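Observations on chain architecture
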Amino acid sequence: MDKTQEFVEHISQAYNPKGDYIHLGAAMLNGETFADAAVKIPLKTMNRHGLIAGATGTGKSKTLQILAENLSQKGVPVLLMDVKGDLSGIAKPSNGEEFLHERHKKLGFPFEASKSPVEFLTISEQNGVRLRATVSEFGPILLSRILDVTPTQEGILAIIFKYCDDHHLPLLDLKDLKKMLQYVTNEGRETIENEYGRISSASTGAILRKIVALEQQGAERFFGERSFEVTDLTRKDEKGQGYVNIMRLTDIQDKPKLFSTFMLSLLAEIYTTFPEEGDSDKPKLVLFIDEAHLIFKEASDALLDQIESIVKLIRSKGVGLYFVTQNPTDVPSEVLGQLGLKIQHALRAFTAKDRKAIKLSAENYPISKYYDTKNELTSLGIGEALVSALDEKGRPSALAATMLRAPMSRMDILTDSELEELIFQSKLRSKYNEEIDRESAYELLNKKIEEAEAKEAKEKAEAEALERKKAVTTTGRSNSGKTQGAIIKVLTSATFIRGVMGVLNKLLK
């Protein structure tokens, strides 16, 4: 057996699942594609997380599109973080250009154009089904991680949440939380200290400043009602295809804190809401996080710990996470070690730093006698990638330089009219796009403060009236005493007595 036949057999055995799978493409060796060496990813391993990496322009977004639409066809719902705005074409079938058919001839199976059912979601000013979450749903621990507060400040947030629970004050949006911080610092200070201990005004001020910084990235649009129910991400259409939920994020690329806040809250909500799935034949939901470095870019150590914990635990809920980024080094090593499927597009070596990153990236893949991984990483063409997956028993499969299949859907964005039409047809739009501002901590505290101020004003007015009444009575008594004294003084004066005596003497004569 020559080396070529040996290679084909090696790949065929490594990527030969017994259950359902996604046909990703065919393996290559020395620039030649072998249709018999098909690269098939077991569907049951898609909840083991993954990575899609590569330099700009190497085909990462198209690989994401391929995985998303194939999962949808298999009945697996998908959530895409569309930071660049180039994934909306999944909603329309491909135009079926000739070069796509030519590519699939090399891969050994025909090209078929198709579309996926799509739902457009938003947390910003862009059109789409609006996603929100309440401050209460975050809880003090997660909120502390996002705000990156000190242990003392975290304790203050815990007291605030406890006080609101004890006194039935709903914390729905950021204005509720800010009002509570102002209340415990001023009007409610004595009450809080009697019940929970002393709270430093310097600490509440620091928390307020961090909330304002979060608001400046647009977070006030995310916190509030109606809360998005994560089970709506798992919908299927009448044909049994999973919905591809596209989160439109093109206007928050420069707001990494908001992106991290949203992602962490969503993952936490999914983890707490979804039941344990065990070892199922396919995932319940798969999330693709494009431009994943935005999550980790400004994340604190505490926030990173929280993300790492969720990545480790959420797999048992039947949920797969796929990070899409330029370089594997963008992802923390603790997270990278949890990723089962790795699809590595070409990397570019322009600087010494690039060469070092390539060397580190090569070490993330299984050793292969067929490839010099480090050199292979710089010679891959567009739409080609090094693939390493898990087999159905969870074991790493052989490394395969792969020519990837083409997307079945449009490899371009939708027009504005097409986009608006799909958003208007959404069944979730009427459910979540109504703005609700019910009575919550902000309104209840304002009412409480107003009532306290009115009571204080009334008591003050009553006290002042009583003082005036006392003053009037005292003044009357004082004037009466003065008059009597004056009369007595006149009657007892020597002049008055001499006058009286003179009159009497005249009468007696």
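About the cut-offs
- Residues numbered from 1 in each chain as written.
- Predicted model: local features only at pLDDT ≥ 70, side-chain atom pairs only at ≥ 80, totals over all residues.
- Heavy atoms only, no water.
- Buried < 20%, exposed > 50% of the residue type's maximum accessible area, 1.4 Å probe, protein only.
- Helix = DSSP H or I, 4+ residues; strand = E, 2+ residues; numbered from the N terminus.
- Pairing = 2+ DSSP bridges.
- 1 Å grid on protein atoms, 1.4 Å probe; cavity = no way out; pocket = protein on both sides within 12 Å on 5 of 7 lines; lining within 4 Å.
- Points joined across faces, edges and corners; volume = space filled by probe spheres on them.
- Contact = heavy atoms within 4.5 Å.
- Axes fitted to C-alpha atoms, helices over the stretch in contact; angles between N-to-C directions.
- Nonpolar A, V, L, I, M, F, W, Y, C, P; charged D, E, K, R; others polar.
- Polar contact = N/O pair within 3.5 Å; in protein donor to acceptor, adjacent residues only side chain to side chain.
- Parallel < 35°, antiparallel > 145°, perpendicular 65-115°, else oblique.
- Phe/Tyr/Trp six-rings, centres within 6.5 Å; stacked < 30°, edge-to-face > 60°.
- Lys NZ or Arg CZ within 6 Å of the ring centre and 35° of its normal.
- Expected span 1.5 Å × (residues − 1).

This next bit is on the pairing of strand 8 (residues 285–289). Here strand 8 lies mainly inside the structure; five of its five residues are buried. Burial along strand 8 is two-sided: the residues Leu285, Leu287 and Ile289 and Val286 and Phe288 are all buried. Bridge analysis of strand 4 (residues 78–82) against strand 8 gives four bridges, and the strand direction is parallel. Counterpart to Met81 in the pairing with strand 8 is Ile289. Where strand 8 and strand 9 (residues 319–325) come together, five bridges link them in parallel fashion. Residue pairing across strands places Ile289 opposite Phe323, the latter belonging to strand 9.

Attention now goes to empty space enclosed by the protein. According to the stated counting rule, one finds two cavities of 30 Å³ or more in the structure shown. Considering the residues around the largest cavity, the lining is formed by Met263, Leu264, Leu267, Ile289, Ile295, Ile307, Leu321 and Phe323. Contributing elements (two or more residues each) for the lining of the largest cavity: helix 9 (256–273) and strand 9. Top element by residues in the lining of the largest cavity is helix 9. It accounts for three residues. Here the second largest cavity defines a volume of roughly 40 Å³. Lining the second largest cavity, in full, are Ile41, Thr45, Met46, Arg48, His49, Tyr322, Gly340, Leu341, Ala389 and Leu390.

So, on to the sheet that holds strand 5 (residues 118–122). The strand order across the open sheet formed by 12 strands is 2-1-12-11-10-3-9-8-4-7-5-6, and the pairing between neighbours is mixed. Single-partner strands in this sheet number two, and they are strand 2 (32–42) and strand 6 (129–130). Relative to strand 12 (residues 400–404), strand 11 (residues 384–388) runs antiparallel, the two sharing four bridges. Paired with Glu384 across the strands is Met403, a residue of strand 12. Here helix 9 sits on the sheet and contacts strand 4, strand 7 (244–248), strand 8 and strand 9; the angle it forms with strand 8, its principal contact strand, is near 165°.

Rolled over the atoms, a probe with the dimensions of a water molecule shows which regions are left empty. Of the volumes computed, that of the largest pocket is approximately 450 Å³. Taken together, 19 residues make up the lining of the largest pocket; nearest its centre are Ser116, Pro117, Val118, Tyr243 and Leu422. Of all elements in the fold, only strand 5 and helix 15 (416–424) reach the threshold of two or more residues within the lining of the largest pocket. With three residues, the top contributor of residues to the lining of the largest pocket is helix 15. Split by residue class, the lining of the largest pocket holds five nonpolar, four polar and 10 charged.

To continue, consider the environment of Gln344. By the element assignment, Gln344 lies in strand 10 (residues 341–344). Measuring from C-alpha to C-alpha, the distance between Gln344 and Ala53 comes to 5.0 Å, with 291 residues separating the pair along the chain. Those residues in contact with Gln344, other than ones at most four positions away along the chain, are Ala53, Gly54, Pro328, Tyr365, Leu377, Leu380, Ala385 and Leu386. Of note is the side chain of Gln344, whose polar atom sits 3.5 Å from the backbone oxygen of Ala53.

For Ser388, the position within the fold is in strand 11. Beyond its immediate sequence surroundings of up to four residues, Ser388 is in contact with Tyr15, Gly340, Leu341, Lys342, Tyr365, Pro366, Ser397 and Leu399.

Here the focus is the packing of helix 4 (residues 135–147) against helix 5 (residues 151–166). Interaxial distance between helix 4 and helix 5 falls to 9 Å at its minimum, and their mutual angle equals 175°. The orientation of helix 4 relative to helix 5 falls into the category roughly antiparallel. The residues of helix 5 that touch helix 4, namely those facing Val135, Ser136, Gly139, Pro140, Ile141, Leu143, Ser144, Arg145 and Leu147, are Glu154, Leu157, Ala158 and Phe161. A breakdown of the residues in the contact of helix 4 with helix 5 according to their chemical character gives eight nonpolar, three polar and two charged.

Attention now moves to the packing of aromatic side chains. Working definition: an aromatic ring pair is given by the centre-to-centre distance plus the angle between the planes. Under the counting rule described, the total for this entry stands at 10 aromatic pairs. With a centroid separation of 6.3 Å and 40° between ring planes, the pair formed by Tyr163 and Tyr183 is classed as tilted. Within this pair, whereas Tyr163 is found in helix 5, its partner Tyr183 is found in helix 6 (residues 174–185), the two being separated by 20 residues in sequence. Looking at Tyr163, the relative accessible area reads 0%, which means it is buried. Taken together, the aromatic side chains of Phe7, Phe34, Tyr370 and Tyr371 make up a single cluster linked through ring pairs. Its end group placed over the ring of Tyr243, Arg235 keeps NZ or CZ at 4.2 Å from the ring centre.

Moving on, we get to the packing of helix 5 against helix 7 (residues 189–196). Working note: a packed helix pair is described by the angle between its axes plus the distance between those axes. In contact at an axis separation of 12 Å, helix 5 and helix 7 are set at 95° when each is read in the N-to-C sense. Relative to helix 7, helix 5 is oriented roughly perpendicular. For the pair formed by helix 5 and helix 7, the contact residues are Ile159, Lys162, Tyr163 and Asp166 on the first element and Thr191, Ile192, Glu195 and Tyr196 on the second.

The α-helix winds at 3.6 residues per turn, so residues separated by three or four positions along the chain end up facing the same way. Between its first and last C-alpha atoms helix 9 spans 25 Å; for 18 residues at 1.5 Å apiece the expected length is 26 Å, and the two agree. In terms of residue burial, helix 9 counts as a mostly covered element, since 14 of its 18 residues are buried.

As a further point, take the environment of Arg405. Within the secondary structure layout, Arg405 lies in the loop between strand 12 and helix 15. Through-space distance from the C-alpha of Arg405 to that of Leu107 is 7.4 Å; in sequence the pair is 298 residues apart. Once residues lying within four places of it in the same chain are set aside, the contact partners of Arg405 are His23, Leu24, Gly25, Ile66, Asn70, Arg103, His104, Leu107 and Phe109. At 3.2 Å, the side chain of Arg405 and the side chain of Asn70 are in polar contact.

Attention now moves to unusual backbone geometry. Note that the residue after Glu225, namely Arg226, is joined by a cis bond; omega there is 10°. Secondary-structure assignment places Arg226 in the loop between helix 8 (201–215) and strand 7. One non-glycine residue, His49, adopts positive backbone phi at about 70°. You can see His49 is positioned in the loop between strand 2 and strand 3 (50–53). For Glu291, which is not glycine, the phi torsion reads 50° and is therefore positive. Here Glu291 is to be found in the loop between strand 8 and helix 10 (293–297).

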